[in-house]
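Okay, here's what each chain looks like letter by letter:
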Amino acid sequence: MEEFDPKLNRFECISCGYIYDPDEGINKLNIEAGTAFLDIDREKFRCPVCRVGFGGYKDIGPKSKPSGFEENLTYGFGFNKLPSGQKNVLIFGSLALAAACFLSLYSLK
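Residues numbered from 1 in each chain as written. Predicted model: local features only at pLDDT ≥ 70, side-chain atom pairs only at ≥ 80, totals over all residues. Heavy atoms only, no water.

Hey, could you go over the overall build of the protein chain for me, with residue numbers and the actual values?
When you go through the protein chain residue by residue, the secondary structure sums to one helix and three strands. Within the span of the protein chain, comprising 109 residues, buried residues form 23% of the whole. Of all intrachain contacts in the protein chain linking residues separated by at least 6 positions in sequence, the fraction that spans at least 24 positions is 40%. Accessible area of the protein chain: about 8,100 Å², with a carbon and sulfur share of 58%. (Helix = DSSP H or I, 4+ residues; strand = E, 2+ residues; numbered from the N terminus. Buried < 20%, exposed > 50% of the residue type's maximum accessible area, 1.4 Å probe, protein only. Contact = heavy atoms within 4.5 Å. Areas by Shrake-Rupley, 256 points an atom, 1.4 Å probe, with all protein chains shown as cover.)

Next up, the structure:
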């Protein structure tokens, strides 16, 4: 498994579930995009949703990290190594394709 730079990691608020993404920053708090969570002022920072402090966040890793538990990533046909966004596209794309095929049966006489 490749190593990720911890400065690019996203952090999730334990209280409300808000996710700080360093690629986006927080306009409401004047935190520019590209600012790592660990570089934010720990004394002044508050969650923009629930106002919890810096210590109320946990590291959830980068966006491109595969979703799921580490021991389960080797099972299946390789789908477990996909990030969650790609899994969603695969799942909902195949559902849309199946629905389109089912609806096309109405065109038969």
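Right, picking up where we left off after that structure.
Describe the pairing of strand β1 (residues 10-13), listing the residues and the values that go with them.
Where β1 and strand β3 (residues 57-61) come together, four bridges link them in antiparallel fashion. Counterpart to E12 in the pairing with β3 is K58. Of the pairings in the sheet, the one linking β1 to strand β2 (residues 19-20) comprises two bridges and is antiparallel in character. Across the sheet, residue F11 finds its bridge partner in β2, namely Y20. (Pairing = 2+ DSSP bridges.)

Tell me about the state of the cysteines, and name the residues and values.
Applying the stated rule across the entire model yields zero disulfides. For C13, which is in no disulfide, the shortest distance to another cysteine sulfur is to C50 and amounts to 3.6 Å. Between C47, a free cysteine, and C16, which holds the nearest cysteine sulfur, the sulfur-to-sulfur gap is 3.7 Å. Residue C47 is classed as buried on the basis of its relative accessible area of 0%. (Disulfide = S-S within 2.5 Å.)

How would you sum up the environment of I31? Please name residues and give values.
Structurally, I31 is set in the loop between β2 and β3. Using a relative accessible area of 12% as the deciding quantity, one classes I31 as buried. With 14 residues separating them in the primary sequence, I31 and F45 have C-alpha atoms 9.9 Å apart. With residues near it in sequence (within four places) discarded, I31 still touches Y20, G25, I26, I40 and F45.

Could you give me a rundown of unusual backbone geometry, with the residues and numbers involved?
In this structure, N30 takes a positive phi of about 60 degrees despite not being glycine. With respect to the secondary-structure elements, N30 resides in the loop between β2 and β3. Its identity is not glycine, yet R51 carries a phi of approximately 70 degrees, on the positive side. Turning to its location among the elements, R51 is positioned in the loop between β2 and β3.

Outline the sheet that holds β2, listing residues and values.
Strands belonging to one sheet form pairs held by backbone hydrogen bonds; the direction of such a pair is parallel or antiparallel. Spatial strand order, β2-β1-β3: three strands in an open sheet with antiparallel pairing. Every other strand in the sheet has two partners, leaving β2 and β3 as the edge strands with one partner each.

Hey, could you go over the nonpolar core for me, with residue numbers and the actual values?
F11, C13, Y20, I26, I31, F37, I40, F45, C47, F54 and Y57 form the largest nonpolar core, which has eleven residues in total. Among residues more than four places away in sequence, those in contact with C47 are C13, C16, Y18, V52 and Y57. (Core = buried A, V, L, I, M, F, W, Y, C linked by side-chain atoms within 4.5 Å.)

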